[in-house]
Amino acid sequence: MRRSTSAALAAAATLTLASCSFGEPPEPTGGQPPDLPTPSSRPQEPATYMDVVAEDLEIPWGLDFLPDGTALVGERDSGRILAIESSPDGSTASPEEAYVVEDVDPAGDGGLLGLAVSPEYDEDSTVYAYYTTEADNRVVAIDLEAGSEPEPVLTGIPAGTDRNGGALAFGPDGFLWAAAGDAGTAERAQDDRSLGGKILRFDTEGEPAEDNPDPESPVYSMGHRNVHGLAWTPDGDLYATEFGADLADEVNLIEPGANYGWPLYEGLGGAEDYRDPVATWEPFEASCGDAVFAEATLVTACLRGQRLWVIEFEAGGGVVGEPQPALAGQFGRLRSIAMGPDGMLWVTTSNRDDRCVAGRGCTAHESDDRILRFATAYAVEGRV
């Protein structure tokens, strides 16, 4: 095991990390970790720490964790699933190849996208993946220990060179949730015969959840353009981050059977039959990929916006104040974000996808793509 060889970053906080398993933070070398809101019952000065746990990756996309704390990250174009082991002292090993999905089609924004570790991984050693083939987008089951061929779970999701969606996660209800983009044909989002432009909910055999709006269909909500992030509050409410076209990128509260308006509406101001987002940004400052909740605070990782957006919610789902940016322009395009078993937030960069260009104010680092992790008072207090 090793401590990351890249320079680590730490903010000048009054709290240190001496009380948790990561040891003393290294001396800061530049940059500022994000300042997440600290609930009133917590110390008012959040402890922060950041380092780089992996580098020289090729467009990391899906990110999840095994029960022993090992991080799994999928590379979009290569189809590789990499494992990054962690030791009790907080150090991390170099990424090791755990599996390669052979039939990935990386054209456009397709490829190996979302990853979701089975809640029963200790018994079934299974990881689920959402990826693009030449024929479709699909969700498959992969037995990492057996190393066998992927087993199809849900196939026939429309695929294209653009807007493939790709978010995949187990919800608190135990079902798999997948975000299917409209794959470049906007009309699919309003077509109830198509899986495109939908959020899907189904079991590990690919069967629709019995209490879906239509128990014969995996479709849970419709009218989506290109959802890349799914995140649940501690109370079980689902929020999704969605790429808009020209007017607005969105955060939506997802409800069963709801229609979110694309392509008829984008952003706020939809008709009565369509749901408005709870937050919007202009695409140049957002294009947010993944998202995660830290208690009542939603943190999104944004590509074109090259930042995190931090949104605090109150009981009932209302947004408190204005969304706050963090890490703006410091690490380029940010794709995935997840709360690790270590209580740290893990974030991937996406600067090797040919979209980190000077014309958009993006400069790739020589060691991109990277996985960053940082802690706040959540880890210090052991609330993981």
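Please read these numbers as outputs of a predicted model, since none were measured by experiment.

Draft legend 1. Local environment of the overall build of the protein. For the protein, the helix and strand inventory stands at 2 helices and 24 strands. Considering the protein as a whole, with its 384 residues, one finds that 57% of them fall into the buried category. A separation threshold of at least 6 residues defines the contact pool for the protein, and within that pool the share at least 24 residues apart is 52%. Entry remark: accessible area of the protein is about 15600 Å², with carbon and sulfur atoms responsible for 44%.

Draft legend 2. Structural view of the pattern of salt bridges. In this structure the tally under the stated criterion is 14 salt bridges. Through salt bridges that share partners, Asp-51, Asp-342 and Arg-373 make up one connected network.

Draft legend 3. Spatial organisation of the sheet that holds strand E14 (residues 227-232). Pairing is antiparallel in the open sheet, where 4 strands are placed in the order E14-E15-E16-E17. This sheet does not close on itself; its edge strands, each paired only once, are E14 and strand E17 (279-281). Here the average twist between neighbouring strands, direction ignored, is 20 degrees. Note that E14 and strand E15 (residues 238-242) share 5 bridges and pair antiparallel. Considered in E15, the bridge of Ala-231 is made with Tyr-239.

Draft legend 4. A look at the state of the cysteines. Summed over the entire model, instances satisfying the criterion amount to 2 disulfides. Each sulfur of the disulfide joining Cys-288 and Cys-302 lies 2.1 Å from the other. Here the S-S torsion is close to 70 degrees, and the disulfide linking Cys-288 with Cys-302 is therefore right-handed. Note that Cys-288 is positioned in strand E18 (residues 288-294) and Cys-302 in strand E19 (residues 297-302), a separation of 14 residues in sequence. Take Cys-288 and Cys-302: they sit in the same class, and that class is buried. Between the sulfur atoms of Cys-356 and its disulfide mate Cys-362 the distance is 2.0 Å. In this structure, the disulfide formed by Cys-356 and Cys-362 twists by about -95 degrees around the S-S bond and is classed as left-handed. With a relative accessible area of 14%, Cys-356 lands in the buried category.

Draft legend 5. Seen up close, the packing of aromatic side chains. For the structure on display, the rule yields 9 aromatic pairs. Where Tyr-128 meets Phe-170, the ring centres are 5.5 Å apart and the plane angle is 75 degrees; that geometry is what we call edge-to-face. Of this pair, Tyr-128 sits in strand E7 (residues 126-132) while Phe-170 sits in strand E10 (residues 165-170), and the two are 42 residues apart along the sequence. Pairing Tyr-239 with Phe-313 gives two aromatic rings, centres 4.7 Å apart and planes at 50 degrees, and the pair type is tilted. Residue Tyr-239 is found in strand E15, and its partner Phe-313 is found in strand E20 (residues 307-313); the two are separated by 74 residues along the sequence.

Draft legend 6. Spatial organisation of a negative patch on the surface. On the surface, a cluster of negative charge is contributed by Asp-68, Glu-85, Glu-96, Glu-120, Asp-122 and Glu-123. Tracing the backbone shows Asp-122 in helix H1 (residues 121-124). On the basis of relative accessibility, which here comes to 62%, the residue Asp-122 falls in the exposed class.

Draft legend 7. Geometry of the sheet that holds strand E13 (residues 219-221). What the 4 strands build is an open sheet, ordered E10-E11-E12-E13; its pairing is antiparallel. Unpaired on one side and paired on the other, E10 and E13 mark the two borders of the sheet. Across the sheet, the mean angle from the axis of one strand to that of its neighbour is 25 degrees, orientation sign disregarded. Across 5 bridges, the pairing between strand E11 (residues 176-180) and strand E12 (residues 198-202) is antiparallel. Bridging from a neighbouring strand, Ala-179 pairs with Ile-199 of E12.

Scoring rules and cut-offs
Per chain, the residues get numbers from 1 upward, laid out in the order the sequence is written. Local features in this predicted model are restricted to residues of pLDDT 70 or higher, and side-chain atom pairs are both shown and tallied only at a pLDDT of 80 or more, whereas totals for entire chains, interfaces and linings draw on every residue. Remark: hydrogens and water are excluded; side-chain values derive from all non-hydrogen atoms of the structure. Each helix is a run of H or I in the DSSP string that is no shorter than four residues. Each strand is a run of E no shorter than two, and both are numbered from the N terminus. Exposure categories follow from relative accessible area, calculated using a 1.4 Å probe and restricted to protein chains: below 20% of the type maximum is buried, above 50% is exposed, and the middle band is partly exposed. Residues are treated as being in contact if the distance between any of their heavy atoms lies within 4.5 Å. We get accessible surface area from the Shrake-Rupley algorithm with a probe of 1.4 Å; when it comes to residues, only the shown protein chains can shield them. Salt-bridge detection follows one rule: a side-chain nitrogen of Lys or Arg within 4 Å of a carboxyl oxygen of Asp or Glu. What makes two strands pair is DSSP finding at least two bridges between them. Every axis corresponds to a line fitted to the C-alpha atoms, with the helix fit spanning only the stretch in contact, and the corresponding angles, defined between N-to-C directions, vary from 0 to 180 degrees. Two cysteine sulfur atoms form a disulfide, by the criterion used here, when they sit within 2.5 Å. Centre distance within 6.5 Å is the pairing criterion for rings of Phe, Tyr and Trp, where only the six-membered ring of Trp is used; planes under 30 degrees apart are then read as stacked, over 60 as edge-to-face, and the remainder as tilted. To count toward a patch, a residue needs a relative accessible area above 30% and no salt bridge. Like charges then connect within 9 Å, nonpolar side chains (Val, Leu, Ile, Met, Phe, Trp, Tyr) within 5 Å. The charged-residue count follows a simple rule in which Lys and Arg add positive charge and Asp and Glu add negative charge, with His and chain termini not counted at all. Where a charge sits is defined by one atom per residue type, namely NZ (Lys), CZ (Arg), CG (Asp) or CD (Glu).

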